[in-house]
Amino acid sequence: MIDTESRSKTMLKQLVFWFILLQPFLDVYFFYQPPLSKMFVFSIPTMIRILFIAVIGVLYLVAFRQNRWNWFLFGYAALLAIYSGLHLYFTKGLYTLDPHSIGFSVPGELFYLVRMALPLIMLWVTAQLHVTKDQLTKIFTILTWITSGSIVISNLFVFSLASYGEGPQAAWIKGSIFSWFDPNNNLSFLDLASKGFFYYANATSAIEVLFAFFVIYRIFKHIDWQSVALLITQIFAMFMLGTKTATYGLFIAFVAVLAIFTILPLLQGQGWQGHWHMLTIAAIFCVFFSLLFYYSPNRHRTDGDDYAIEVRAKEVKKVQKKDKRVFQEVKKLNLQANRPALVNFIGKYYPYFGLHPRFVKDGYSYKVDPNFWLTVMTKWTPADRFNHRKLERAILDRIRHVANSSKTNWFGISYTRMNTAFNLERDFLSQWYSLGLIGVLLFLGPYIFSMLWLAVVYLRRFRRITQFEASIYAGVAAVLAISWYSGNVLDFLMESLILCFTIGVLWGLQLSPDEYLPNSLSIPIQR
């Protein structure tokens, strides 16, 4: 019996490790586009992940059947099942102006609920496995080489997907990093920012921030050729991504880890433990960062955003001043009795007001709810109309208002309905709209609770907290903050699975301090 449990634990740990290392390959763009995306009802990567998690779950039940906390696991699973049933029941019956264009799908919704549960299983199982520091180091090293290395290599060969543009709108870059420094090139940041072959740039950027904390910790801890090569690759990859998340996240990670290495020992009463090599690395990093930032796609994107807001504001004012018949038509419209005229008006004039067709036509159609779009066009300022996040949230608020049900506060409007209208770029808030308050507490609450529990543990044993623990914890906290600020992170399984695996490792290190001993990087993954 004991031998069977021991073998099962070994197999379980190996399977979890390989599953995590597989994640970058399952996030490749081509899986989510025809013909691969049309082969089955659901995406191939998600079905592979569900299969892996199912096997991991069975092995866990065999290896840890004597775990006295299994009652909590089963109880929590029952809560998720009860919530899922109520969520499907209530959201299916919500009233919308057009059930066809703002539709609800039971299979799609159920699939989303399963997807949201997979990272929680990973967190629980990993916490029981007592993954060591060296094992996490080796896994993160491999993951960094795979993700950052592929972004850099594909950029150098100008064979990479552009960061800006997802789904059918995805394009290929037209220049490598060398084009950044060419004063004669006329390429925009849209042509230069690259994400390798990954599906979504912002989600990839978020997990790159976690890896940045690890890579910077590693070079501060010990300088060798691999640490230097890893840091250089990481820096280039995050600049090549061209997103604010990646660029500013890299700088924040460097400052945070530098503070951990210099300030944490002082607070622990160990005195100054800084070394000249850290200050040298910091100086080189600042010079390198400043140089790359000046020529980077992200800087040109920021300049472009400011310029676009200014231009759009001028264009709208110009139209408003030159073409007074626009507002004369608005005054003539009888909103209650002349709906066809209102629809025609919005379809004709919405471009004058700086509104993107993906919102007005493809998302929450003006033909379904013309009154909403008339308000946006005539009552909002140009800057507000250009603020896509404000517009996304206004659309979802409108759907909730039309539904006129207090149950949307607790069970949401459904993921499929929200995604059809438009996906809000702000995690936690996005899930509140799709899953409701109960869904957020059940599916995302464990992320926050785990971090709060770890914070309490670290404070209680503050003098013994290591720079490794502090750096990885700060990296996870940074990713969660990014998910709130920029969104589109926690709904993506590569990022959420790696994040929950990391949180589970931090939990395990507290539950088994005797395992937290080796510092060598040469140990095999199996232990």
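Placed above this text is the structure.
Residues numbered from 1 in each chain as written. Predicted model: local features only at pLDDT ≥ 70, side-chain atom pairs only at ≥ 80, totals over all residues. Heavy atoms only, no water.

Draft legend 1. Structural context of the packing of helix α5 (residues 133-156) against helix α23 (residues 493-511). Packing of α5 against α23 brings their axes to within 11 Å, and their N-to-C directions diverge by 160°. Looking at the two axes, α5 sits roughly antiparallel to α23. Seen along the crossing, α5 lies across α23 with a hand that is left-handed. For the pair formed by α5 and α23, the contact residues are K133, L136, I139, F140, L143 and T147 on the first element and M494, I498, F501, T502, V505 and L509 on the second. Taken together, the residues of the contact of α5 with α23 break down into nine nonpolar, two polar and one charged. (Axes fitted to C-alpha atoms, helices over the stretch in contact; angles between N-to-C directions. Helix = DSSP H or I, 4+ residues; strand = E, 2+ residues; numbered from the N terminus. Parallel < 35°, antiparallel > 145°, perpendicular 65-115°, else oblique. Left-handed = near helix turned anticlockwise from the far one by under 90°. Contact = heavy atoms within 4.5 Å. Nonpolar A, V, L, I, M, F, W, Y, C, P; charged D, E, K, R; others polar.)

Draft legend 2. Region of the structure containing the packing of helix α7 (residues 201-221) against α23. Relative orientation of the contacting elements α7 and α23 amounts to 25°, with a least axis distance of 9 Å. Judged by the inter-axis angle, α7 sits roughly parallel to α23. Every pair of crossing elements has a handedness; the one defined by α7 and α23 is left-handed. On α23, the residues that touch A203, T204, I207, L210 and F211 of α7 are M494, E495, I498, L499 and T502. Classifying every residue of the contact of α7 with α23 by side-chain character gives seven nonpolar, two polar and one charged.

Draft legend 3. Quick peek at the nonpolar core. Grouped together as the largest cluster of nonpolar side chains are 147 residues, with contacts concentrated most on I346, W373 and F443. Residue contributions to this core peak at 13 residues, all from α7. (Core = buried A, V, L, I, M, F, W, Y, C linked by side-chain atoms within 4.5 Å. Buried < 20%, exposed > 50% of the residue type's maximum accessible area, 1.4 Å probe, protein only.)

Draft legend 4. Expanded view of the pattern of salt bridges. Throughout the structure, instances matching the rule amount to five salt bridges. With a shortest N-O distance of 2.6 Å, R398 and D369 are connected by a salt bridge. A residue pair is termed long-range when its members are at least 10 positions apart, and R398 in helix α17 (residues 388-403) and D369 in the loop between α14 (357-363) and α15 (370-379) qualify at 29 residues. Judged by its relative accessible area of 23%, R398 falls in the partly exposed class. Classification of D369 as buried rests on a relative accessible area of 3%. (Salt bridge = Lys/Arg side-chain N within 4 Å of Asp/Glu carboxyl O.)

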